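Residues per chain are reported as follows:
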Amino acid sequence: MTGVGGRPEVVIEGSNDLDGPWKEYHFHYKPGNLSGPPPVVASHQPRLDWQIWFAALGSYEYNPWFVHMVFRLLQGKQEVLDLLAKNPFPRKPPIYIRAQLYKYHYTELPSSNISSLSDVLHNNRLVKNWWWRERVREYLPILAVNEPSLINWLSQYGLAKDHPWPERPSGRIYRAIKYLRSIVRTLDAVRFMWTLFACGVLMRLFESQKQR
């Protein structure tokens, strides 16, 4: 979708100096790392990566949740970092974060160098990256965690509080779900989905054996 002329993608970058170097935050599913192959996600629906694709079609002014996410990354909130594939600042959050808008394109194989099916199956010898990209424009200007304009802007949406959600869940069910999430978070999404599918098939087989 929206692939004509390139796929729009927002790339989030952090740095401890205005002059760089700038390090990219990588996500589990959306294009980012040029050498990363497109993942298989069905039937899983990666909500955050999906929403960032929608944000790339507009601007941050119409996506306050995106600015809120950047604000939490500047704070180093673990709940937000857990949604990412790689945190380039594992010790402490960066001082500055910005976002750039790119258009991603699939890399084409150099047909003149393909002499056999083996070359196609092992095309990493011909093409190093799955993608190439071109910068379109700045998506989000450079922000710092205590910048007054950022706090004021988020306050208009009620998103600048340390605890924006008044609910304080508790109880056995909450603790059980939290424990299961801590386990599932460490699993590869594709393997997890195939494991659930295999368990469903095995359960159906056992049921059919009992009926006999």
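So, here is what we can say about the structure in this document. Keep in mind that what you see is a predicted model, and the values were worked out from it rather than measured. One numbering rule holds for all chains: residues counted from 1, following each sequence as written. Thresholds applied to this predicted model are a pLDDT of at least 70 for local features of residues and 80 or more for the giving and counting of side-chain atom pairs; totals over whole chains, interfaces and linings are not thresholded and use all residues. Each side-chain value is derived from all of the structure's non-hydrogen atoms; neither hydrogens nor water enter the calculation.

1. Remarks on the overall build of the chain
Right, on to step 1. Counting from the N terminus, the helices are the DSSP runs of H or I reaching at least four residues and the strands are the DSSP runs of E reaching at least two. Within the chain one finds seven helices and four strands.
Right, on to step 2. Put simply, the chain runs from its N terminus to its C terminus through helices and strands in the order β-β-α-α-α-β-α-β-α-α-α.
Right, on to step 3. Exposure categories follow from relative accessible area, calculated using a 1.4 Å probe and restricted to protein chains: below 20% of the type maximum is buried, above 50% is exposed, and the middle band is partly exposed. Taken across its 212 residues, the chain has 32% of its residues classed as buried.
Right, on to step 4. Every residue pair with non-hydrogen atoms within 4.5 Å of one another is taken to be in contact. Across the chain, every contact between residues at least 6 apart in sequence was considered, and the portion connecting residues at least 24 apart equals 73%.
Right, on to step 5. In these tables, accessible area is a Shrake-Rupley quantity obtained with a 1.4 Å probe, and a residue counts as shielded only by the protein chains included in the view. Accessible area for the chain stands at about 14600 Å²; split by element, carbon and sulfur atoms hold 57% of it.

2. Observations regarding the side chain of Gln 100
Right, on to step 1. For Gln 100, the position within the fold is in strand 3 (residues 96-106).
Right, on to step 2. Polar side-chain contacts of Gln 100 include one of 2.8 Å to the side chain of Arg 135. Identification of polar contacts relies on pairs of N or O atoms within 3.5 Å, with a donor-acceptor requirement for protein atoms, meaning one able to donate a hydrogen and the other able to accept it, and with residues adjacent in sequence counted only if both atoms are side-chain atoms.

3. Comments concerning the sheet that holds strand 1 (residues 7-15)
Right, on to step 1. A pair of strands is considered paired only if DSSP assigns at least 2 bridges between the two. Taken in spatial order, the four strands of this open sheet run 2-1-3-4, and their pairing is antiparallel. Where the open sheet ends on each side, the last strands, each with one partner, are strand 2 (23-24) and strand 4 (131-144).
Right, on to step 2. Here 10 bridges tie strand 3 to strand 4, and the two strands are oriented antiparallel to one another. Bridging across to strand 4, Ala 99 finds its partner in Leu 140.
Right, on to step 3. Each of strand 1, strand 3 and strand 4 is contacted by helix 2 (residues 64-75), which is oriented at about 75° to strand 4, the strand it contacts most. For helices, the axis comes from a line fit to the C-alpha atoms of the stretch in contact; other axes are also lines fit to C-alpha atoms, and the angle between any two N-to-C directions lies between 0 and 180 degrees.

4. Some remarks on the layout of surface pockets
Right, on to step 1. Within this scheme a cavity is a closed region of a 1 Å grid, computed over the protein atoms alone, that accommodates a 1.4 Å probe without allowing it to escape, whereas a pocket is open but has protein on both sides within 12 Å along at least five of seven lines; lining residues each have an atom within 4 Å of a point. Grid points are joined across faces, edges and corners, and a volume is the space filled by probe spheres set on the points. What the second largest pocket holds in volume is close to 590 Å³.
Right, on to step 2. Surrounding the second largest pocket, 23 residues form its lining, Tyr 29, Lys 30, Pro 31, Pro 38 and Pro 39 being those nearest its centre.
Right, on to step 3. With three residues, the single largest contributor to the lining of the second largest pocket is helix 1 (residues 47-56).
Right, on to step 4. Each residue belonging to the lining of the second largest pocket can be placed in one class, and the counts come to 13 nonpolar, seven polar and three charged. Polar here means any residue other than Ala, Val, Leu, Ile, Met, Phe, Trp, Tyr, Cys and Pro, which are nonpolar, and Asp, Glu, Lys and Arg, which are charged; Gly is therefore polar.

5. Overview of empty space enclosed by the protein
Right, on to step 1. Applying the stated criterion across every chain yields a total of one cavity of 30 Å³ or more.
Right, on to step 2. As for the largest cavity, its lining consists of Val 10, Val 11, Ile 12, Glu 24, Tyr 25, His 26, Phe 27, Lys 30, Pro 31 and Gly 32.
Right, on to step 3. Among the elements that take part in the lining of the largest cavity, strand 1 stands out by supplying three residues, more than any other.
Right, on to step 4. Of the residues assigned to the lining of the largest cavity, the class counts are six nonpolar, two polar and two charged.

6. Remarks on helix 5 (residues 148-155)
Right, on to step 1. Listed in full, the buried residues belonging to helix 5 are Leu 150, Trp 153 and Leu 154. Seen end-on, helix 5 carries its buried residues on one side only, within an arc spanning 95°. Exposed side of helix 5, more than 90 degrees from the buried face: Pro 148 and Asn 152 are the residues found there.
Right, on to step 2. Structurally, helix 5 contributes buried residues whose contacts are with helix 2 and strand 4. The reported arc concerns the directions from the helix axis to the C-beta atoms and nothing else.

7. Let's talk about the packing of aromatic side chains
Right, on to step 1. Ring pairs shown here join Phe, Tyr and Trp side chains whose ring centres sit within 6.5 Å, with only the six-membered ring taken for Trp; geometry is labelled stacked below 30 degrees between planes, edge-to-face above 60, and tilted in between. One pass over the structure, following the stated rule, counts 11 aromatic pairs.
Right, on to step 2. Measuring from ring centre to ring centre gives 5.1 Å for Trp 50 and Trp 53, while their planes differ by 20°; the resulting arrangement is stacked. Here Trp 53 and Trp 50 lie together in helix 1, a separation of three residues that amounts to about one turn.
Right, on to step 3. For Trp 53, a relative accessible area of 5% puts it in the buried group.
Right, on to step 4. Here the aromatic rings of Trp 153 and Tyr 157 are separated by 5.0 Å at their centres, their planes lie at 55°, and the arrangement is tilted.
Right, on to step 5. Three or more aromatic residues joined by ring pairs make a cluster, and in this case those are Trp 50, Trp 53 and Phe 54.
Right, on to step 6. The ring of Trp 22 carries Arg 98 above its face, with NZ or CZ at 4.1 Å from the centroid. Two conditions define a charge sitting above a ring: the NZ of Lys or the CZ of Arg must be within 6 Å of the ring centre, and it must be within 35 degrees of the ring normal.

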